[in-house]
Amino acid sequence: MTSPDRLDAELARAAAGGDERAYAELVRRHKDALYRLLRRYVGDADEAYEAAHDAFIAAWSALGRYDPNRSFAAWLKTIAINKARDRGRRLAVRRFFFGSKSLEDSGALDVPDGATPAEAKLMARQRDAALERAIAALPEGLRGPLVLTALEECSHHEAGEILGLSAKTVEMRAYRARKILAQTLDPTSRPSR
């Protein structure tokens, strides 16, 4: 009886011993899910790609410290979220000192290019983009619990394992994040007390 976690642990053990093919298999298995998580967490495709790359490099270096009794996916997600936080802090410092220079920040990408699809698709994309921006703007302490539970469909316990929090704390923070999102996306809504 071989579970995916057991197979991951065996591959991680082999990779820690220098087997690059074993690590390549771990990357293949987890890259799409990790990118999706980071895309939702940071709200930017390029930043998510870079954070995923950083996470896999860091995981390769830390394989000797991986506990095979723990889910490899959860261990990797922990590293990835930490890398995304690090990148976010560096980006905030750059923006502080050098200002906003990206096309996404300028709003230039929000202008239709004349070859837009049907209006409904455009509106859906705009709603999705607004949601991504709102999630990315959440405080770090709320963003992780929301992304992991609502978008990655982790249980409160699994998300807590990844974030180093109790399941109850994850539940409370995800709830607070949803309330903030509701107020951000629909400013006419009144906060409930």
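Preceding block: the structure.
Residues numbered from 1 in each chain as written. Predicted model: local features only at pLDDT ≥ 70, side-chain atom pairs only at ≥ 80, totals over all residues. Heavy atoms only, no water.

Colleague: Help me understand the overall build of the protein chain, please; the structure alone is not making it clear to me.
Modeller: The secondary structure content of the protein chain amounts to nine helices and zero strands. Along the protein chain, helices (α) and strands (β) appear in the sequence α-α-α-α-α-α-α-α-α when read from the amino end. By the burial criterion, 32% of the 193 residues in the protein chain qualify as buried. Sequence separation of 24 or more characterises 61% of the internal contacts of the protein chain that already satisfy a separation of 6 or more. Carbon and sulfur atoms form 54% of the exposed surface of the protein chain, whose accessible area is close to 12100 Å². (Helix = DSSP H or I, 4+ residues; strand = E, 2+ residues; numbered from the N terminus. Buried < 20%, exposed > 50% of the residue type's maximum accessible area, 1.4 Å probe, protein only. Contact = heavy atoms within 4.5 Å. Areas by Shrake-Rupley, 256 points an atom, 1.4 Å probe, with all protein chains shown as cover.)

Colleague: In this structure, what is going on with unusual backbone geometry? I would like to understand it.
Modeller: Comment: phi is negative for the bulk of residues other than glycine, and the bulk of peptide bonds are trans. A positive phi angle, near 60 degrees, is found at E153, a position not held by glycine. Tracing the backbone through its elements, the reader meets E153 in the loop between α7 (140–151) and α8 (156–163).

Colleague: Got a minute to help me understand helix α3 (residues 45–62) in this structure?
Modeller: Helical geometry: 3.6 residues make up each α-helical turn, so side chains three or four residues apart lie on a common side. Helix length check: α3 (18 residues) gives 25 Å between terminal C-alpha atoms against 26 Å at 1.5 Å per residue, within 8%. A side-chain oxygen of the first residue of α3 lies 3.2 Å from the backbone nitrogen of D46; this N-cap is D44. (Expected span 1.5 Å × (residues − 1). Polar contact = N/O pair within 3.5 Å; in protein donor to acceptor, adjacent residues only side chain to side chain.)

Colleague: Honestly, the packing of aromatic side chains in this entry has me stumped. Any pointers?
Modeller: For any pair of aromatic rings, geometry is given as the distance between the ring centres together with the angle between the planes. Under the criterion given, the structure shown has four aromatic pairs. Aromatic side chains Y66 and F72 sit 5.4 Å apart centroid to centroid with 80 degrees between the ring planes, which places their arrangement in the edge-to-face category. For the pair shown, Y66 and F72 are each scored as buried. A network of ring pairs unites the aromatic residues Y66, F72 and W75 as a single cluster. For the cation-ring pair, R143 lies above Y41, with the distance from its terminal atom to the ring centre recorded as 4.6 Å. (Phe/Tyr/Trp six-rings, centres within 6.5 Å; stacked < 30°, edge-to-face > 60°. Lys NZ or Arg CZ within 6 Å of the ring centre and 35° of its normal.)

Colleague: In this structure, what is going on with the packing of α7 against helix α9 (residues 167–185)? I would like to understand it.
Modeller: The description of two packed helices rests on the angle between their axes and on the distance between the axes. Two elements in contact, α7 and α9, have axes whose closest approach is 8 Å; the angle formed by their N-to-C orientations is 95 degrees. Between α7 and α9, the crossing angle belongs to the class labelled roughly perpendicular. Counted together, G141, L142, P145, L146, T149 and A150 of α7 and V170, R173, A174, R176, A177, R178, I180 and L181 of α9 form the full contact between these two elements. Tallied by class, the residues present in the contact of α7 with α9 amount to nine nonpolar, two polar and three charged. (Axes fitted to C-alpha atoms, helices over the stretch in contact; angles between N-to-C directions. Parallel < 35°, antiparallel > 145°, perpendicular 65-115°, else oblique. Nonpolar A, V, L, I, M, F, W, Y, C, P; charged D, E, K, R; others polar.)

Colleague: Explain helix α2 (residues 20–42) to me, please; I cannot follow it from the model alone.
Modeller: When the terminal C-alpha atoms of α2 are compared, their 29 Å separation across 23 residues is substantially less than the 33 Å that a helix rising 1.5 Å per residue should span. At H30, α2 is deflected by roughly 50 degrees, the largest bend along its length. All of the buried residues in α2 are A22, Y23, L26, H30, L34, L37, L38, Y41 and V42. The opening residue of α2, the one whose side-chain oxygen lies 3.0 Å from the backbone nitrogen of R21, is D19. In the stretch just after α2, G43 is the one whose phi turns positive, near 75 degrees. (Bend = angle between axes of the 7 residues up to and from the residue.)

Colleague: Help me understand the layout of surface pockets in this model?
Modeller: A water-sized probe, rolled over the atoms, reveals where empty space remains. Here the second largest pocket defines a volume of roughly 300 Å³. Taken together, 17 residues line the second largest pocket, and the ones lying closest to its centre are A73, A74, K77, C154 and I162. Contributing elements (two or more residues each) for the lining of the second largest pocket: α2, α4 (72–98) and α8. For the lining of the second largest pocket, the leading source of residues is α2, giving six residues. Of the residues that constitute the lining of the second largest pocket, the class distribution is eight nonpolar, two polar and seven charged. (1 Å grid on protein atoms, 1.4 Å probe; cavity = no way out; pocket = protein on both sides within 12 Å on 5 of 7 lines; lining within 4 Å. Points joined across faces, edges and corners; volume = space filled by probe spheres on them.)

Colleague: Just checking my understanding: could you explain the environment of P68 for this structure?
Modeller: The residue P68 is located in the loop between α3 and α4 in this model. Note: C-alpha distance between P68 and E10 (58 residues apart in sequence) is 8.0 Å. When residues no more than four places from it in sequence are discounted, the contact partners of P68 are A9 and R13.

Colleague: For this particular structure, what's the right way to read the pattern of salt bridges?
Modeller: Two side chains with opposite charge may pair up if their charged atoms get near one another. According to the stated counting rule, one finds seven salt bridges in the structure shown. Between E25 and R29 there is a salt bridge, with its nearest N and O atoms 3.1 Å apart. Highlighted residues: E25 and R29, both in helix α2, separated by four residues, approximately one helical turn. Several salt bridges converge on common partners, so that one network encompasses D8, E25, R28 and R29. (Salt bridge = Lys/Arg side-chain N within 4 Å of Asp/Glu carboxyl O.)

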